[in-house]
Amino acid sequence: EFSTGPMPTHVKEKTRTPLALSIVLDRSGSMKGRPLTEAIKCAEYIVKNSHPTDFVSLVTYDNSAQLISPLLICNEENKALMMDRLSKVRAGGSTNLEAGWRIGAQSIEAGIKSKLLPKNTLKRVFLLSDGQLNCGIVDDAIILDSCSEYAAMGISTSTYGLGHDFNEQIMVDISQ
């Protein structure tokens, strides 16, 4: 039987761990069309559904990486700002995945160092990409070492592969 009434006073409501998430979007030429559209939709969904205790930053990359929104608390004003920035993302040149990922990780690291983030915050880079490394650091081992260094600091990485020919191996390796 279901109840629509108030929660009994003896049942304590579970609190959610705050999240610091850097959403890193691949906007390289190989992402043009549906893959980039899906990446933007995914980022918009995350921003819209973030809790007021969460922090989000936005990074885009092609040949180079750009922090398009620093790590911000997810109040309505900041969500609107992030949605506006996402609406302006367009496909560009080559794929400098390492630069994009690194700026995302550094935005969270800066939040830690500045004491912006509560101690119990879950810290994660969320990489939306086809994983086609062709610019900047393209050596898988160097990228994976960097991911491991940040993971040791408590900043993990999750990946979401996009496009028919995404590089599944690098995307899986990065997330592990």
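In the block above lies the structure referred to throughout.
Residues numbered from 1 in each chain as written. Predicted model: local features only at pLDDT ≥ 70, side-chain atom pairs only at ≥ 80, totals over all residues. Heavy atoms only, no water.

Draft legend 1. Main features of the pattern of salt bridges. Scanning the entire structure with this criterion turns up seven salt bridges. Of the charged contacts in the structure, one is a salt bridge between Asp-54 and Arg-16, with a shortest N-O distance of 2.9 Å. Within this pair, whereas Asp-54 is found in the loop between α1 (34-49) and β2 (55-61), its partner Arg-16 is found in the segment before β1 (19-26), the two being separated by 38 residues in sequence. With a relative accessible area of 39%, Arg-16 lands in the partly exposed category. The partner of Glu-38 in a salt bridge is Lys-41, with the nearest N and O atoms 4.0 Å apart. A residue pair is termed a helical-turn pair when its members lie 3 or 4 positions apart in one helix, as Glu-38 and Lys-41 do in helix α1 at three residues. For Glu-38, a relative accessible area of 30% translates into the label partly exposed. On the basis of relative accessibility, which here comes to 47%, the residue Lys-41 falls in the partly exposed class. (Salt bridge = Lys/Arg side-chain N within 4 Å of Asp/Glu carboxyl O. Helix = DSSP H or I, 4+ residues; strand = E, 2+ residues; numbered from the N terminus. Buried < 20%, exposed > 50% of the residue type's maximum accessible area, 1.4 Å probe, protein only.)

Draft legend 2. Representation of the pairing of strand β5 (residues 155-161) within the structure. Relative to β5, strand β4 (residues 122-129) runs parallel, the two being bridged by seven bridges. Along β5, the bridge assignment pairs Val-125 with Thr-157. Following the chain from β4 across helix α4 (residues 140-152) to the adjacent parallel β5, one finds a crossover that is right-handed. (Pairing = 2+ DSSP bridges. Right-handed = clockwise from strand over helix to strand, strands pointing away.)

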